[in-house]
Amino acid sequence: MEHYKTYKVRLYPSKHQDLDLMQFFGNCRFVYNQMLEMQNIRYKNGGNYVSTFGMDYLLKELKQEYPFLKLSVAQSLQQVCANLNSAFQNLFKKRAGHPRFHSRREKQSVHFLQDCTLCKGKIKLPKLGLVNYRGYQFKENLEIKHVTVSYTSSHKFYASILV
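Residues numbered from 1 in each chain as written. Predicted model: local features only at pLDDT ≥ 70, side-chain atom pairs only at ≥ 80, totals over all residues. Heavy atoms only, no water.

Some details on the nonpolar core
Part 1: Grouped together as the largest cluster of nonpolar side chains are 42 residues, with contacts concentrated most on Phe112, Val147, Val149 and Ile161.
Part 2: With nine residues, the single largest contributor to this core is helix H1 (residues 15-44).
Part 3: For valine 149, the contacting residues outside a window of four places in its chain are Leu11, Leu21, Phe25, Gln108, Ser109, Val110, Phe112, Leu125, Phe157, Tyr158 and Ala159. (Core = buried A, V, L, I, M, F, W, Y, C linked by side-chain atoms within 4.5 Å. Buried < 20%, exposed > 50% of the residue type's maximum accessible area, 1.4 Å probe, protein only. Helix = DSSP H or I, 4+ residues; strand = E, 2+ residues; numbered from the N terminus. Contact = heavy atoms within 4.5 Å.)

See below:
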């Protein structure tokens, strides 16, 4: 059995990267809230629940309707749909309450599932480039499974790196 390890590091993005990250957070929140609203409307009208694959298909239509969603990494938006699906599965199994809408005032996060690499005090993220970080000295050629970038209410960026 393979064991994974997670490292949490503080990110120091440039001004341009800061704006791009805020756009990513907003897009993920927007998709989550749109999909949740669609699920609620379907439930009220007597329709069936839409699974992750159905939401991924609807995501294509959502990107055509709202072109700003194309600025985000596609896998990040698909992960949002998977997270919402997981929330509904927990609801159906009576492990949790009904999913709630996300707010910009809460902790925000975005997932990068591929094309992430580490090199000399910087982490390369898709559509962002190299971002400075502090916290750990990693070995060269470390295989990253995925990175979750979060933004706290104290205006700090953190990355959880799964290796």
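Focus on the pairing of strand E1 (residues 6-12)
Part 1: Side-chain alternation along E1 places Tyr7, Val9 and Leu11 on a buried face and Thr6, Lys8, Arg10 and Tyr12 on a face that remains uncovered.
Part 2: Of the pairings in the sheet, the one linking E1 to strand E7 (residues 157-162) comprises six bridges and is antiparallel in character. Residue pairing for E7: threonine 6 is matched across the bridge by leucine 162.
Part 3: The pairing of E1 with strand E5 (residues 129-134) spans three bridges and is classified as antiparallel. What sits directly across from arginine 10, in E5, is arginine 134. (Pairing = 2+ DSSP bridges.)

Things to note about unusual backbone geometry
Part 1: Non-glycine residue lysine 94 carries a positive phi angle of around 60°.
Part 2: On the accessibility criterion, lysine 94 (76% relative accessible area) is exposed.
Part 3: Positioned with a positive phi, histidine 155 is a non-glycine residue whose angle comes to about 65°.
Part 4: Along the chain, histidine 155 turns up in the loop between strand E6 (146-151) and E7.
Part 5: According to the relative accessible area criterion, histidine 155 is exposed, its value standing at 58%.

Describing the pairing of E6
Along a regular strand, successive side chains alternate from one face of the sheet to the other.
Part 1: Counting buried positions along E6 yields five of six residues, so the element is predominantly enclosed.
Part 2: Relative to E6, strand E2 (residues 108-112) runs antiparallel, the two sharing five bridges. The residue bridging serine 109 from the neighbouring strand is serine 150, located in E6.
Part 3: Here six bridges tie E6 to E7, and the two strands are oriented antiparallel to one another.

Let's talk about the sheet that holds E1
Part 1: In spatial order, the strands read E2-E6-E7-E1-E5-E4-E3; together these seven strands make up an open sheet with antiparallel pairing. Because the sheet does not close on itself, it has two edges, and the strands there are E2 and strand E3 (117-119). If you compare each strand with its neighbour and ignore which way they point, the axes differ by 35° on average.
Part 2: Both strand E4 (residues 122-125) and E5 contribute to a ladder of four bridges, which runs antiparallel. When the bridges of E5 are listed, lysine 122 appears paired with asparagine 132.
Part 3: Helix-sheet contacts for H1 involve E2, E5, E6 and E7, and the interaxial angle to E2 is about 95°. (Axes fitted to C-alpha atoms, helices over the stretch in contact; angles between N-to-C directions.)

Overview of the packing of aromatic side chains
The description of two aromatic rings rests on the distance between their centres and on the angle between their planes.
Part 1: The final tally for this structure, using the stated rule, is eleven aromatic pairs.
Part 2: When the centroid spacing of 4.8 Å and the interplanar angle of 70° are considered together, the rings of tyrosine 7 and tyrosine 136 count as edge-to-face. Taken together, the residues span a long stretch of sequence, with tyrosine 7 in strand E1 and tyrosine 136 in the loop between E5 and E6 at a distance of 129 residues.
Part 3: The side chain of lysine 8 reaches across the aromatic face of tyrosine 158, ending 5.0 Å from its centre.
Part 4: One cation-aromatic arrangement involves arginine 134 over tyrosine 12; the distance from NZ or CZ to the ring centre is 4.8 Å. (Phe/Tyr/Trp six-rings, centres within 6.5 Å; stacked < 30°, edge-to-face > 60°. Lys NZ or Arg CZ within 6 Å of the ring centre and 35° of its normal.)

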